[in-house]
Amino acid sequence: MADTALSVPRRSPLSGAADRLAAATRASGGAVRLAELPFLAQVNVRLDAKGGAADAIALALGLPLPLEPNTVVRAGELTALWLGPDEWLVVGPPGTQQDVESRIRAAAGAEPVSVTDVSAQRTTLLVAGPRARDLLAHGCPLDLHPRAFGAGRCAQTTLARAQIVLVARDEPGTGFWVLVRSSFAGYLADWLLDAAAEYV
């Protein structure tokens, strides 16, 4: 029997804004760079950081879960964000969420661990460039000075009153990830475009 299911290409929450984000990047002359990083794998992990599962999972992923509040650990293509004393978000390349989830579950064994694929819940905006911190500071209540929120830091916060996870990337010039719920992505992109007009 023939497969009659319709094949519909995936659309990211900000696919309609890609041209406007690119135009704002060009218009700023390199002061800011705005882009969506669609479909990143995002797996939420909850466990006892002092239990045996944490070490086993770190070994399976090749990535230790950060234990210091609001920090990020990156190894290879995976990044782990500290969200709380017993909660992390593991971020990876698009399409890797099932592999990450299965590796975590296998490593945890019988230990009490919660593993949830939340990839469809959020999209990621890249905000980079020499004025990236200034742009974000217009709508974020955190002190974004590099001494307070330098490379390798993350926080659950707000940007223009939208709840986000903000990540200061640890590679030179890579800027920030802004992880925002898909339902707020269009609003936040519009806000960033409006705020970025200052640098045109």
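See the structure shown above.
Residues numbered from 1 in each chain as written. Predicted model: local features only at pLDDT ≥ 70, side-chain atom pairs only at ≥ 80, totals over all residues. Heavy atoms only, no water.

(A) Structural context of the sheet that holds strand β4 (residues 78-84). Strand order in this open sheet of five strands is β3-β4-β5-β2-β6, and the pairing throughout is antiparallel. Every other strand in the sheet has two partners, leaving β3 (72-75) and β6 (114-117) as the edge strands with one partner each. Here the average twist between neighbouring strands, direction ignored, is 20°. Its contacts with the sheet put helix α3 (residues 97-108) on β2 (41-46), β4, β5 (87-92) and β6, and the angle it makes with β2 is roughly 20°. (Pairing = 2+ DSSP bridges. Helix = DSSP H or I, 4+ residues; strand = E, 2+ residues; numbered from the N terminus. Axes fitted to C-alpha atoms, helices over the stretch in contact; angles between N-to-C directions. Contact = heavy atoms within 4.5 Å.)

(B) Highlighting the sheet that holds strand β10 (residues 176-181). Read from one edge of the open sheet, five strands run β1-β7-β10-β9-β8, paired in antiparallel fashion. Lying at the two open borders of the sheet, with one neighbouring strand each, are β1 (33-37) and β8 (154-159). Mean inter-strand twist for the sheet, computed between neighbouring axes without regard to direction, equals 30°. As judged from the six bridges shared by strand β7 (residues 122-128) and β10, these two strands associate in the antiparallel manner.

(C) Focus on the nonpolar core. Leu188 and Leu192 are the most contacted members of the largest nonpolar core, which has 34 residues in total. Elements with a minimum of two residues in this core: α1 (18-27), β7, α4 (132-137), β8, β9 (162-168), β10 and α5 (182-196). Among the elements that make up this core, the one with the highest residue count is α5 (eight residues). Once you skip the residues sitting within four places of it in the chain, Leu192 turns out to touch Leu34, Leu125, Val127, Leu135, Leu136 and Leu159. Judged by nonpolar contacts, the second largest core, of 18 residues, contains Val43, Leu78, Ile104 and Val115. (Core = buried A, V, L, I, M, F, W, Y, C linked by side-chain atoms within 4.5 Å. Buried < 20%, exposed > 50% of the residue type's maximum accessible area, 1.4 Å probe, protein only.)

(D) The packing of helix α2 (residues 52-61) against α3, seen in detail. Direction vectors running N to C along α2 and α3 enclose 140°, while the axes themselves pass 8 Å from each other. Considering their axes alone, α2 and α3 lie oblique with respect to each other. In this structure, the crossing between α2 and α3 has a hand that is right-handed. Between α2, through Ala53, Ala56, Ile57, Ala60 and Leu61, and α3, the contact on the second element is made entirely by Val100, Arg103, Ile104, Ala107 and Ala108. For the contact of α2 with α3, the residue count by class is nine nonpolar, no polar and one charged. (Parallel < 35°, antiparallel > 145°, perpendicular 65-115°, else oblique. Left-handed = near helix turned anticlockwise from the far one by under 90°. Nonpolar A, V, L, I, M, F, W, Y, C, P; charged D, E, K, R; others polar.)

(E) Broad picture of the packing of aromatic side chains. Overall, the coordinates contain zero aromatic pairs when judged by the stated rule. In this structure, Arg10 packs its charged tip against the face of Phe39, placed 3.9 Å from the ring centre. The aromatic ring of Trp177 is capped on one face by Arg169, whose charged end is 4.0 Å from the ring centroid. (Phe/Tyr/Trp six-rings, centres within 6.5 Å; stacked < 30°, edge-to-face > 60°. Lys NZ or Arg CZ within 6 Å of the ring centre and 35° of its normal.)

(F) Examining the pattern of salt bridges more closely. On inspection of all chains with the given rule, the structure shows eight salt bridges. Across the pair Glu87 and Arg46 runs a salt bridge, and its minimum N-O distance is 3.8 Å. Highlighted residues: Glu87 in strand β5 and Arg46 in strand β2, separated in sequence by 41 residues. Since its relative accessible area comes to 36%, Arg46 is described here as partly exposed. (Salt bridge = Lys/Arg side-chain N within 4 Å of Asp/Glu carboxyl O.)

(G) Quick peek at the state of the cysteines. Applying the stated criterion across every chain, the model contains zero disulfides. No disulfide involves Cys140; its nearest neighbouring cysteine sulfur is the one of Cys154, lying 13 Å away. Look at Cys154 and you get buried, because its relative accessible area is 1%. (Disulfide = S-S within 2.5 Å.)

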